[in-house]
Amino acid sequence: KYSKLVTQDVSSMNGWLPEYDSDIEIAIHAKGNTFDLVEEPADHSFIRGSSIDRSEDVERSDYEDESSDKDDSDDGQEIKDLQNNFEIETTTTTTATTTTSTTTSEAPQLAQPNTTIEKSRLYCMVPYIWSPRFLHSYHAIHASWGKRCDILRFFIDPIIGDSQVGYYNMTLASDTLAAAKNANLTLPNDVVVLHDMQRSWHTCEESDDEDKTCRNIWEKIWRAWVYVVTGKGGSTPAGSDVMVGANISEWFVKVDADTFLFPENLSRHVKARNWSYNDHHYFGHVLHHRVKDRGVPIVAGAAVFFSRATLLAAADSFQKMPKENGNEEDDGTCGDAFTSTEEVVTAICLKEHSNIIAEPTIDYQGREEISLIEVDDIIIYNRTAMGEWWYWEGKKRFPCHDTGDCLSDLPLAFHGYKDSKLLLGLEKEFYGSVMKGEKDDSLAKRNDNKLAAFNWLNFDRTYKYFERVRAAMRVAAKEEESGSNIEIAKKLPAQGKNRLYCMVPFILAPKSMPSYQAIRNTWGKRCNTLKFFVDPIVKDDEGRFIDLRRSQNGTKMTLPPDVVVVYHIHRPWHTCESKKEGNCRNIWEKVWRSWLLIDDNGESDSSEWFVKIDADSYLFPENVMKYVEDNNMSPDDHHYFGHKLRHTEDRNLPPIVAGSAVFFSRATVKGAAAVFREFKYKEQNMSVRKCMDAHTSSEETLTALCLKQHLGIDAAHVLDDLGDELIAVSPIEDSLLWNRTVDGEWWYWKNKPKTDPTTGREVHKCCGDFPIAFHGYKDPMWFYKLEDELYGMNDLPGISDNWKKYRWHNLNETNRYFDRIRRARNARV
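Residues numbered from 1 in each chain as written. Predicted model: local features only at pLDDT ≥ 70, side-chain atom pairs only at ≥ 80, totals over all residues. Heavy atoms only, no water.

Caption draft 1: Just the overall build of the protein, in detail. The helix and strand inventory of the protein stands at 24 helices and 32 strands. Looking at the 829 residues of the protein, the share that counts as buried comes to 58%. Sequence-distant contacts, at least 24 apart, represent 72% of the contacts inside the protein between residues at least 6 apart. In the form shown here, the protein has an accessible surface area of approximately 34,700 Å², with 47% of it arising from carbon and sulfur atoms. (Helix = DSSP H or I, 4+ residues; strand = E, 2+ residues; numbered from the N terminus. Buried < 20%, exposed > 50% of the residue type's maximum accessible area, 1.4 Å probe, protein only. Contact = heavy atoms within 4.5 Å. Areas by Shrake-Rupley, 256 points an atom, 1.4 Å probe, with all protein chains shown as cover.)

Here you go:
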């Protein structure tokens, strides 16, 4: 597939390569003890193989492109010969002369605006360099996916050409004429010249400069989007471009020239999710490895999709952002910069100016709809075998991550096809002779009689995947003809369903690890997402405290992927571990910073429902979903619910949700995070009367106070239809014995109504048949006991089975209650 290989011994690589900071792509193939490093003009570097260190603290090496000036005419002619199979009409226009050339593109004349409102029109924007050695991809795009875009534009620097034919500035009329006359280079009408570009691509093409910083893709991207909206800063050879303004399309994509796009699947993607182009949507293949240094998840540049609303917000932020530091590298803020990290700065601008967060394009099985490297390579990726390098970092784990075939049957894009013949091969696979089963002598000659454009790598698995794609696209097309979207809806991720994100505040120390294991082995596995949020101070097996904010200790600690470090906590837990130095249990700061972190990391869009749950609580995630469904609750409305306690009303404070299990809707998480984002560190503050940072363990009180003061949200009590409690704030065998008449009005009963005003029935008794949580199990062995009672439990390797000896001290009442739970569940099933 590749033109030039350079070999480097893997032993010289101390780690993997930092992201998106070079003008080359290095693709790595595992071959014994060496790797092939391939220089290619692309937006990303993606790994092949799984046996190297993938840390990101190594400076990327740059290699001079020994093939950059090779004669491309043979390849160009082969591409054009292949193009004839797809019958595209070609014309070429220049302001000075009309000419025919083997090195110029011949594109259709500009179409007139479509006056019919089509709710899923797609504008395809391709950043491009107009140089003879790259023009084969222009022809291939027109012969394949480009013709299915509603609007297709190539955005180029004003400088075109190369060192062989010369460089020409298309902003100058004299150079435009000279390019046509001397180099036979003319620009088609679907090319937009960005005349205001300040940093050209060509000045260090042959540079020995190790940094090679001429690939300044960020400036081209933001100027291109501004042009799309305003028509300013660029022009087409025809002069006026009627295809400007946000109203020309509903959806927009920036797509790399080495990407194969499925425009019609974009329409299916947004329709199946019932998305509106008037709402903010910024989506694609989401990567999380830049969260730790830039604070945002990003959409990989292979294909970056915007709704119309997001395009308008982006263009507005790009016009307003600072431009004075454009010759400097990006600094983590929204501004012009001399950088190729366009994905990162785009994400920062959208977050800073409009609070828009990247949304992943995955289906209901977690399969990616955008492949970041060639399909026949990524089809065998295995997350466990490869380890948590930047590609996997921060992604929710799905079964397909470890079984391969983690690509959706209705893909949006495949990336990494530098050889344009491969783009045309994909066209045959999904739209041409392979899809149609037609005779085609150019197809790969195979003994198994399978039709394929090429003998792809990992052929059998790739062929099976392509067959699934072809089948899914045929079904989708038939359903659209009949007006049905059943199959497309089945491909949806859990979006629109009720997913639960379980957030467990935790202290990472040897004595707490049995709880960590027990949660993961029991109720935690039924959460859609389970994360443990820990202080930056952890304790190792030797009793040493390690500050994860610094690398001062000689000890290196590897954290599990479901552990999230809340780095910015000011009040560490460990200074009074023995409780001799005051109140170190400052749970409030950890809780509000954890909610803020979930929103800042973009995870507030990953689920519909969220729970902050104590590590000594046993949760029933499936019953949470039943509760919200039975009560017709929407995640886009404000909901704050759990076991409501009202004794705080005696102090003129709002009722609270007991901290054993505190539930938020998605809307409430986002609203609360916006409030917490304004907090200032108050070192000595211990007040629970104001919504602010404080040195206190009264997280329930301050949570209720903040939601009431700023969002007008009251705590809602989780009861079943009979008025029985669904959350026990103590171990269940104790709660079953509580009696209001006998116990008296202590804080648990304080201010709760005694009867239902409609039915007159006594309420707040323990407990309903579909419980949501039991609290107070400091010994995590009880989790295994509960799991065995209610779900069935097998012995686990390395886990003590002492729980089998445990007995409920209120045995008869507890067993009767568990029988009710099992009967109710079976009846529901």
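Caption draft 2: Structural detail: the packing of aromatic side chains. According to the stated counting rule, one finds 65 aromatic pairs in the structure shown. Summarising the aromatic geometry, the rings of tryptophan 275 and phenylalanine 283 are spaced 5.0 Å apart at their centres and angled 75° between planes, so their arrangement reads as edge-to-face. Comparing tryptophan 275 with phenylalanine 283 shows no difference in burial state: the two are buried. Between tyrosine 748 and tryptophan 749, the ring centres sit 4.8 Å apart and the planes meet at 85°, which makes this aromatic pair edge-to-face. For tryptophan 749, a relative accessible area of 4% gives the class buried. Aromatic rings pair up to connect Tyr618, Phe620, Phe774, Tyr777, Trp782, Phe783, Tyr791, Tyr806, Trp808, Tyr817 and Phe818 into one cluster. For arginine 446, the ring lying beneath its charged end belongs to phenylalanine 459, and the centroid distance is 3.4 Å. (Phe/Tyr/Trp six-rings, centres within 6.5 Å; stacked < 30°, edge-to-face > 60°. Lys NZ or Arg CZ within 6 Å of the ring centre and 35° of its normal.)

Caption draft 3: Structural detail: the sheet that holds strand β30 (residues 716-717). On the basis of which strands lie adjacent, the open sheet formed by seven strands has the order β23-β20-β19-β24-β29-β26-β30 and mixed pairing. With one partner strand each, in any of the chains shown, β23 (563-565) and β30 form the two edges of the open sheet. In this structure, strand β26 (residues 640-642) lies alongside β30, joined through two bridges in parallel fashion. From the neighbouring strand, glycine 642 faces β30, where its bridge partner is histidine 717. Across the sheet, helix α16 (residues 513-521) lies against β19 (500-506), β20 (529-534) and β23, angled at about 165° from β20, the strand it touches most. In the packing of helix α17 (residues 587-600) onto the sheet, the strands contacted are β19, β20, β23, β24 (609-613) and β29 (661-665), and the crossing angle to β19 comes to about 145°. (Pairing = 2+ DSSP bridges. Axes fitted to C-alpha atoms, helices over the stretch in contact; angles between N-to-C directions.)

Caption draft 4: Inspection of the pattern of salt bridges at higher detail. Evaluated as defined, the whole model comprises 58 salt bridges. Between aspartate 440 and lysine 428 there is a salt bridge whose closest N-O contact spans 3.3 Å. Of this pair, aspartate 440 sits in the loop between α13 (433-436) and α14 (459-482) while lysine 428 is found in helix α12 (residues 420-430), placing the two residues 12 residues apart along the sequence. Among the ionic pairs, glutamate 589 bridges to arginine 593, the shortest N-O distance being 2.8 Å. Note that glutamate 589 and arginine 593 are positioned in helix α17 at a spacing of four residues, about one turn of the helix. Exposure class is identical for glutamate 589 and arginine 593. Each is buried. (Salt bridge = Lys/Arg side-chain N within 4 Å of Asp/Glu carboxyl O.)

Caption draft 5: Broad picture of the nonpolar core. Residues Tyr128, Trp130, Trp145, Leu261 and Phe305 are the most contacted members of the largest nonpolar core, which totals 120 residues. Sort the elements by how many residues they give to this core and helix α4 (residues 217-230) lands first, with nine residues. Formed by 58 residues, the second largest nonpolar core is a distinct cluster that contains Phe532, Leu619, Met633 and Ala661. (Core = buried A, V, L, I, M, F, W, Y, C linked by side-chain atoms within 4.5 Å.)

Caption draft 6: Inspection of the state of the cysteines at higher detail. Following the criterion strictly, the structure yields six disulfides and no others. Disulfide pairing places cysteine 502 opposite cysteine 527 at an S-S distance of 2.0 Å. A torsion of -90° about the S-S bond marks the disulfide between cysteine 502 and cysteine 527 as left-handed. One end of the pair, cysteine 502, is in strand β19; the other, cysteine 527, is in the loop between α16 and β20, with 25 residues separating them in the sequence. Residue classification places cysteine 527 among the buried positions, given a relative accessible area of 9%. Here cysteine 766 pairs with cysteine 767 through a disulfide, and the sulfurs are 2.0 Å apart. Its S-S torsion of approximately -95° makes the covalent link between cysteine 766 and cysteine 767 left-handed. The exposure class of cysteine 767 is buried, given its relative accessible area of 3%. (Disulfide = S-S within 2.5 Å.)

Caption draft 7: Focus on the environment of isoleucine 380. Its place among the elements puts isoleucine 380 in the loop between α9 (375-378) and α10 (383-386). Classification of isoleucine 380 by relative accessible area gives partly exposed; the value is 39%. Distance in space between the C-alpha atoms of isoleucine 380 and aspartate 402 is 9.2 Å, their sequence separation being 22 residues. Once residues lying within four places of it in the same chain are set aside, the contact partners of isoleucine 380 are Asn458 and Arg461.

Caption draft 8: Quick look at the side chain of serine 735. Its location among the elements puts serine 735 in helix α21 (residues 732-735). Taking the relative accessible area as the measure of exposure, serine 735 reaches 5% and is therefore buried. Beyond its immediate chain neighbours, meaning those up to four positions away, serine 735 contacts Ala728, Val729, Ser730 and Cys766.

Caption draft 9: Highlighting the packing of α4 against helix α8 (residues 342-354). Interaxial distance between α4 and α8 falls to 9 Å at its minimum, and their mutual angle equals 45°. One element, α4, and the other, α8, form an angle in the oblique class. Seen from α4, the contacting residues are Ile217, Trp218 and Ile221; seen from α8, they are Glu342, Val345, Thr346 and Cys349. Here the contact of α4 with α8 is built from residues that sort into five nonpolar, one polar and one charged. (Parallel < 35°, antiparallel > 145°, perpendicular 65-115°, else oblique. Nonpolar A, V, L, I, M, F, W, Y, C, P; charged D, E, K, R; others polar.)

Caption draft 10: Main features of the pairing of β29. Across the five residues of β29, five count as buried, placing the element largely inside the fold. Judged by which residues are buried, β29 turns out to be covered on both faces: Ala661, Phe663 and Ser665 on one side and Val662 and Phe664 on the other are all buried. Both β26 and β29 contribute to a ladder of two bridges, which runs antiparallel. When the sheet's bridge partners are listed, phenylalanine 641 is paired in β29 with phenylalanine 663.

Caption draft 11: A look at unusual backbone geometry. A cis amide bond links cysteine 766 with the next residue in sequence, cysteine 767, at an omega value of 0°. The residue cysteine 767 is located in the loop between α22 (740-743) and β32 (773-775) in this model. In this structure, asparagine 632 is a non-glycine residue whose phi angle is positive, near 55°. Here asparagine 632 is to be found in the loop between α18 (621-630) and β26. Positive phi, close to 70°, is recorded for asparagine 751, a residue that is not glycine. Mapped onto the elements of the fold, asparagine 751 is located in the loop between α22 and β32.

Caption draft 12: Main features of α8. Over its 13 residues, α8 extends 18 Å from the first C-alpha to the last, a length consistent with the 18 Å expected when each residue adds 1.5 Å. For α8, the buried fraction is high: 10 of the 13 residues fall into the buried class. Three or more residues of α8 are buried, namely Glu342, Glu343, Val344, Val345, Thr346, Ala347, Ile348, Cys349, Leu350 and Lys351. Positive phi appears at asparagine 355, one or two residues downstream of α8, with a value of about 55°. (Expected span 1.5 Å × (residues − 1).)

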